[in-house]
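Each chain, letter by letter, is given below.
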There are 2 protein chains.
Amino acid sequence: MPDQSVPDQSVPDESLRAHMSPEEFRRQGHATIDWIADYWASLDGLPVRAQVAPGDVRGLLPPSAPESPEPFDAVLADLDRVVVPGLTHWQHPRFFAYFPANSSPAAILGDLVSSGIGAQGMIWATSPAVTEVEQVVLDWLAEALGLPEAYRSDGPGGGVIQDTASTATFTALLSALHRASGGAVRRSGVGGTRWRVYGSTQAHSSLVKAAMMAGLGEDAVRTIDVDASTQAMDVDALRDALLEDVEAGLRPVMVHVAAGSTSTGAMDDVAAVAEVVREWGVWVHVDAAWAGVAAVCPEHRGHLAGVEAADSFVTNPHKWLLTTFDCSTFWVRDRAALTGALSILPEYLRNAATESGEVVDYRDWHPQLGRRFRAVKLWAVLRTYGLEGLRAHVRSGVALAARVADLVSADDRWELVTEPSLSLVVFRLRAGDEETMAAMEAVNASGEAYLSHTTVEGRAAIRLAVGSWRTTQADVDRAWAALQDAAAGQGG
Amino acid sequence: MPDQSVPDQSVPDESLRAHMSPEEFRRQGHATIDWIADYWASLDGLPVRAQVAPGDVRGLLPPSAPESPEPFDAVLADLDRVVVPGLTHWQHPRFFAYFPANSSPAAILGDLVSSGIGAQGMIWATSPAVTEVEQVVLDWLAEALGLPEAYRSDGPGGGVIQDTASTATFTALLSALHRASGGAVRRSGVGGTRWRVYGSTQAHSSLVKAAMMAGLGEDAVRTIDVDASTQAMDVDALRDALLEDVEAGLRPVMVHVAAGSTSTGAMDDVAAVAEVVREWGVWVHVDAAWAGVAAVCPEHRGHLAGVEAADSFVTNPHKWLLTTFDCSTFWVRDRAALTGALSILPEYLRNAATESGEVVDYRDWHPQLGRRFRAVKLWAVLRTYGLEGLRAHVRSGVALAARVADLVSADDRWELVTEPSLSLVVFRLRAGDEETMAAMEAVNASGEAYLSHTTVEGRAAIRLAVGSWRTTQADVDRAWAALQDAAAGQGG
């Protein structure tokens with residue numbers, strides 16, 4: 001028993017009163033769930049794009065935090081007053097911009113469980129289930145996508161949930177540098193070697209950002225031309241670049257393969273790229289952030305042909321696989337390169353399980369130390385949809401995009417810029433760039449639908465990406481009708 | 001209207017059936033809230049540390065994802081069967097290991113709202129409220145912590161929510177390199193200059209990891225000795241190291257100031273460090289991951305004296321300020337260095353608001369591109385606790401730690417290793433290292449409480465950090481009673 005001579009500390013009672021009681025948590029929790037259901041129900045009637053000007057939202061908020069507690073109801077009420085008008089609604093059925101960011105009901109509840117458990121899985125020992133459920137769920141997904149056996153947790157590789165594909169690409173680059181340098185980069189940095197990283201002109205901007213963050217600088221990224229019609233990397237040009245760079249004393253370390261580019265969904269040829277870079281031992285990183293999850297459908301797996309030769313692979317269930325942001329699934333063929341680049345073991349994290357070598361400590365798989373139990377939401381999605389439900393979701397997106405492509409092709413004011421890629425359609429007004437951009441802006445400003453743009457071979461184009469779990473054919477048709485009106489407004 | 005000549009696509013009906021109906025979402029959502037409330041209610045009777053062996057959890061799961069959908073109830077049931085036994089319960093009232101990771105009810109519901117909204121705030125235009133609420137909430141917190149005016153969003157600096165302090169420290173280093181190189185690092189990398197980074201021997205391991213990731217290598221980090229009694233950085237030793245390095249042609253770029261070290265809560269002297277490094281233009285990064293939030297109490301602000309001279313500052317509301325992981329608040333004095341290091345503008349993100357310069361695009365403030373609406377949970381915490389509720393929470397932790405320190409001091413088998421630092425107490429058995437570690441392991445194995453260890457001046461010590469919102473004096477006393485039993489078992 002505690003020494004009775006030590007008096008009680010005067011612990012302020014209000015510290016306990018300030019927390020919600022269990023009953024209050026249940027009541028407010030149910031109210032929050034209902035708020036979300038009501039918000040979703042309201043979406044169809046709301047403009048997709050926020051209609052506010054810079055500063056409008058902040059102008060509705062007081063300049064300082066309150067001194068005294070406010071009820072949670074006040075926060076919920078301010079969601080409607082302050083937040084909702086300032087949102088562009090990513091869960092809206094007519095959100096077709098960028099790529100989707102799906103927040104399915106099952107994923108949301110899975111993530112809610114993670115918050116409630118509040119476990120921190122930086123190492124196996126700090127909550128074994130956080131690590132082991134993640135390993136199992138990533139093995140499930142690797143199998144469902146037809147990824148190589150080597151990526152499974154019982155092989156030399158393994159999977160981990162990263163926050164975003166940007167982080168996965170950065171991590172891949174660090175792993176590549178570690179392997180190429182035999183560990184020297186970890187100890188003494190990247191200086192002294194003129195490293196070179198490759199990606200097509202259509203590679204995601206996170207490749208350049210990764211090179212900047214890794215200390216190589218943006219000049220270390222050599223961009224490779226693409227085929228004008230497919231927008232896929234010209235593999236012959238890659239070979240020429242490698243030969244030239246090696247000749248010049250540069251050291252190729254990683255190639256980024258876009259399996260579904262952001263601009264047009266272009267698919268680099270994984271197998272051909274891997275074959276070209278093989279003799280120099282270049283790390284092959286496949287960035288399938290959006291398109292990778294489509295491989296749950298056997299008929300949408302072709303773009304991953306050759307992935308067995310890849311050293312790492314990333315795809316985002318938080319894009320098109322119904323899993324709440326953030327959930328970017330990343331696999332490596334050899335986890336030793338990854339943990340070699342990132343492991344750190346301070347005294348306070350030493351423990352018997354780690355020293356036994358029987359467990360995985362995920363802190364060595366990403367830049368961060370702390371980590372959330374993100375596997376729960378993916379587990380909930382895989383189970384409550386089942387693989388057949390996920391396939392149906394992907395097929396629905398592909399079918400609706402095909403419908404848009406048909407509508408574009410049937411209207412001679414418009415033209416497809418590239419062949420549709422899965423659920424992404426890229427098109428423009430034949431009239432020209434200004435007319436195309438004006439038509440898109442008119443639709444976005446109307447709030448009827450929300451689209452984003454790109455440039456392809458120097459000309460402006462509209463991107464329409466289907467993916468929300470709430471999108472139906474009627475939504476696609478409404479977006480098309482709005483585009484037709486806008487085109488008419490452009491004299492199209 | 002759509003061209004009637006384009007036939008309907010055969011969109012599979014099951015793609016819609018697979019999603020939860022609104023009614024089902026409400027029902028399952030309420031059930032999930034209730035599961036969390038029940039889980040919390042059960043914690044007091046559960047062992048704090050997981051009692052499983054490696055592989056136990058994964059052994060309970062099937063090898064593949066299901067083909068057909070399962071009801072969400074099955075997931076909830078498996079939480080009890082598979083997950084809970086494999087958890088170390090971070091929300092347990094007798095979790096005293098590492099630092100706390102608080103998941104208060106208000107924060108959980110705030111984060112649930114973020115999931116339901118599912119907005120992606122990579123740039124202002126993709127959902128203005130995501131950016132503006134974050135700016136306002138970080139201004140509120142900066143004011144509440146007494147941070148410099150320059151950190152506010154209406155000044156030259158500003159704040160952003162990072163996932164973890166590791167990322168914040170890495171980001172600070174990238175900003176420091178950008179400023180020191182006049183932008184050359186961004187373009188051509190870190191090679192060619194022999195950069196040097198400084199931190200005490202007690203600096204968090206993320207400093208070394210940041211140097212590794214930034215391409216400097218671990219050898220670029222020079223560790224500075226600490227005062228044996230306070231464990232704070234020896235500022236004279238820092239000055240000597242800088243002089244020696246500059247003389248040797250090295251280029252000092254950043255100093256890490258621990259305002260609350262992980263091991264013992266040691267406080268480096270921010271003002272003195274800043275004064276020493278000033279003449280070389282070294283970036284001063286204050287890592288107050290755990291202790292920084294205590295500054296909501298004016299009487300616990302002393303360790304931040306001199307912070308007006310810091311270039312960047314990080315503290316984690318997800319540690320001790322009742323906000324669900326992840327929420328690491330990071331401020332810089334000059335946002336130009338930060339965005340200069342990290343900005344990227346691909347075509348598809350170009351927009352009028354960005355080009356106007358009137359808005360902040362947070363994608364340029366961190367390694368990731370995509371970002372969640374994490375400000376909602378912090379907003380919910382600040383409002384529903386109010387500053388007085390937050391102060392009461394911090395004071396409760398400090399008072400309970402003081403009680404533990406009194407109990408240690410009153411028992412001559414034990415001794416304090418350092419003076420208590422806020423809510424952290426570090427102590428050991430006088431009998432020796434083995435006895436100390438065995439006592440801690442006995443308590444951890446019993447499940448009665450969970451503690452972690454460190455070494456101080458080469459000797460083992462137990463750390464007890466108070467911080468959970470569920471911890472009362474009775475919990476602290478039970479942990480102490482368990483330690484006394486364990487000490488007796490060690491012949492203490």
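This one's a predicted model, so the numbers in the text were calculated from it and none came from an experiment.

A few words now on the UniProt feature "modified residue: N6-(pyridoxal phosphate)lysine" (unreviewed entry) in chain A. All names here are of chain A. Per the UniProt record, "modified residue: N6-(pyridoxal phosphate)lysine" (unreviewed entry) is annotated on Lys319. By the secondary structure assignment, Lys319 is in helix 11 (residues 317-320). Residue Lys319 is classed as buried on the basis of its relative accessible area, which comes to 18%. Those residues in contact with Lys319 that lie beyond four places of it in its chain are Phe99, Pro100, Ala101, Asn102, Ala289 and Trp290.

In this description, an aromatic ring pair is defined by two values, namely the gap between the centres and the angle between the planes. Tallied over the entire structure, the rule returns 29 aromatic pairs over all chains. Note on Tyr362 of chain A and Trp365 of chain A: the rings are 5.3 Å apart at their centroids and 80° apart in plane angle, and the pair reads as edge-to-face. Here Tyr362 of chain A falls in the buried class, since its relative accessible area comes to 1%. On the basis of an interplanar angle of 15° and a centroid distance of 4.5 Å, the ring pair of Phe99 of chain B and Trp290 of chain B is categorised as stacked. In this pair, Phe99 of chain B is assigned in the loop between helix 3 (72-83) and helix 4 (105-117) and Trp290 of chain B in the loop between strand 5 (283-287) and strand 6 (312-315), connecting sequence segments 191 residues apart. For Trp290 of chain B, a relative accessible area of 1% gives the class buried. Here a set of aromatic residues connected by ring pairs shows up, and it is made of Trp90, Phe95, Tyr98 and Tyr450 of chain A. Directly above the ring of Trp379 of chain A sits Arg383 of chain A, whose terminal nitrogen or CZ lies 5.1 Å from the centroid. Over the ring of Trp469 of chain B we find Arg470 of chain B, and its NZ or CZ is 5.0 Å from the ring centre.

Another point: the interface of chain B and chain A. Of the residues lining the interface, 177 residues belong to chain B; the matching set on chain A comes to 175 residues. Summed over both partners, the interface of chain B with chain A comes to about 15,100 Å²; 64% of that surface belongs to carbon and sulfur atoms. For the chain B face of the interface with chain A, the top three residues by lost area are Phe25, Tyr348 and Arg383 of chain B, together amounting to 5%. At the surface where chain B touches chain A, the tally comes to 16 salt bridges. In this structure, Glu70 of chain B and Arg383 of chain A form a salt bridge, with 2.8 Å as the shortest nitrogen-oxygen distance. Our enumeration of links across chain B and chain A arrives at 67 residue pairs in polar contact (both at pLDDT 80 or more). Per-element accounting of the side of chain B that touches chain A gives the leading share, 21 residues, to helix 14 (residues 375-409) of chain B. Of the residues that constitute the side of chain B that touches chain A, the class distribution is 92 nonpolar, 51 polar and 34 charged.

Okay, the environment of Asp406 of chain A next. Structurally, Asp406 of chain A is set in helix 14 (residues 375-409). Spatially, the C-alpha atom of Asp406 of chain A lies 9.5 Å from that of Leu416 of chain A, the residues being 10 residues apart in sequence.

Moving on to the relation of the copies chain B and chain A. Least-squares fitting of chain B to chain A yields an RMSD of 0.0 Å, with the transformation described by 0.0 Å of translation along the axis and a rotation of 180°. Within this description, the copies of the chain are treated as partners about a two-fold rotation axis. Closest approach to the rotation axis within chain B is made by the C-alpha atom of Gly191 of chain B, at a distance of 2.0 Å. Taken together, the interface assignments show that 99% of the residues at the interface of chain B recur at the interface of chain A, consistent with an identical surface on both copies.

Conventions used here
- Residues numbered from 1 in each chain as written.
- Chains lettered and ligands numbered in written order.
- Predicted model: local features only at pLDDT ≥ 70, side-chain atom pairs only at ≥ 80, totals over all residues.
- Heavy atoms only, no water.
- UniProt positions renumbered as here; feature names shortened; annotations may be inferred.
- Helix = DSSP H or I, 4+ residues; strand = E, 2+ residues; numbered from the N terminus.
- Buried < 20%, exposed > 50% of the residue type's maximum accessible area, 1.4 Å probe, protein only.
- Contact = heavy atoms within 4.5 Å.
- Phe/Tyr/Trp six-rings, centres within 6.5 Å; stacked < 30°, edge-to-face > 60°.
- Lys NZ or Arg CZ within 6 Å of the ring centre and 35° of its normal.
- Buried area = accessible area lost by both parts, 1.4 Å probe.
- Salt bridge = Lys/Arg side-chain N within 4 Å of Asp/Glu carboxyl O.
- Polar contact = N/O pair within 3.5 Å; in protein donor to acceptor, adjacent residues only side chain to side chain.
- Nonpolar A, V, L, I, M, F, W, Y, C, P; charged D, E, K, R; others polar.
- Least-squares fit on C-alpha atoms with pLDDT ≥ 70 in both.

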